[in-house]
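# Results of the structural survey
Here is what each chain is made of, one letter per residue.
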Amino acid sequence: QVQLVESGGGLVQPGGSLRLSCAASGSIFSINAMGWYRQAPGKGRELVAIVGNGRSTNYADSVMGRFTISRDNAKNTVYLQMNSLKPEDTAVYYCNALILTASQGVGEQAYWGQGTQVTVSS
C-alpha cells in the first residue's frame, strides 16, 4: 500500500543539469534510508547515492562532486540534483526506500519506484 513516484527525468545536453524527485505515499509510519539507483541499457542496476534518516550520505565514485542527494522528511520526498551531466549518466533512475508501514506485525521493507529516464545527449 506504499508507492514511490519519480519525476524530473528527461533529455539534457552534456554539461547540463536535472533534478529528480521521488515522493513516497501510502500507509507510512516512518522512512529509514532513501536512495537512487540507475540502470543503463545492457548493464545491471547500480547505486548512485543514498541518504540515511540522519541525513548522512554516500555516493558512487562516478558521480561524486557532481550529484547531490537530499530529503524532505515532512514531504516523504528524496531529491537528486545532477550537475555536469555526461552521456555516461544516461540510464533509467530508480528511487528506493526502506519503509516501516502503519500495518502491525510488518517490519521495514524496501520499496522501488517505476523509474524515470535520463538521457544525456547532444
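The text that follows walks through the structure, step by step, so that each part is easy to find. (Residues numbered from 1 in each chain as written. Predicted model: local features only at pLDDT ≥ 70, side-chain atom pairs only at ≥ 80, totals over all residues. Heavy atoms only, no water.)

## Focus on the nonpolar core
Here is the rule: Grouping buried Ala, Val, Leu, Ile, Met, Phe, Trp, Tyr and Cys residues that are joined through side-chain atoms within 4.5 Å yields what is termed a nonpolar core. The rule is simple: take the accessible area with a 1.4 Å probe, protein chains only, and divide by the maximum for that residue type; under 20% is buried, over 50% is exposed, in between is partly exposed. Secondary structure elements are taken from DSSP: a helix is a run of H or I of four residues or more, a strand is a run of E of two residues or more, and numbering for both begins at the N terminus. Between two residues, a contact is recorded if the distance between any of their heavy atoms is within 4.5 Å.
Counting 32 residues, the largest nonpolar core has Leu4, Trp36, Leu80, Met82, Tyr93 and Ile99 as the members making the most contacts within it. With 5 residues, the top contributor of residues to this core is strand E9 (residues 91-101). For leucine 80, the contacting residues outside a window of four places in its chain are Leu18, Arg19, Leu20, Trp36, Val48, Ala49, Phe67, Thr68, Ile69 and Tyr93.

## Here we look at the pattern of salt bridges
The criterion, for reference: Put simply, a salt bridge is a Lys or Arg side-chain nitrogen that is within 4 Å of an Asp or Glu carboxyl oxygen.
This structure, assessed with the given rule, holds 3 salt bridges. Among the salt bridges present, the one from arginine 38 reaches glutamate 46, with a minimum N-O distance of 2.8 Å. Note on glutamate 46: relative accessible area 37%, which makes it partly exposed. Note that aspartate 89 is salt-bridged to arginine 38, the shortest N-O span being 3.0 Å. In this pair, aspartate 89 is assigned in the loop between strand E8 (77-82) and E9 and arginine 38 in strand E4 (residues 28-39), connecting sequence segments 51 residues apart. Comparing aspartate 89 with arginine 38, the two get one shared label, buried.

## Quick look at the pairing of E8
Inclusion rule: Pairing between strands is defined by DSSP: at least two bridges between the two strands are required.
Buried residues dominate E8, accounting for 5 of its 6 residues. Strand direction decides the pairing type here: strand E3 (residues 18-26) and E8, joined by 6 bridges, are antiparallel. Paired with leucine 18 across the two strands is methionine 82, which belongs to E8. As paired elements, strand E7 (residues 67-72) and E8 share 6 bridges and run antiparallel to each other. What sits directly across from isoleucine 69, in E8, is leucine 80. Counting the residues between successive antiparallel strands, the hairpin from E7 to E8 contains 4 residues, one of them, asparagine 76, with a positive phi of roughly 50 degrees.

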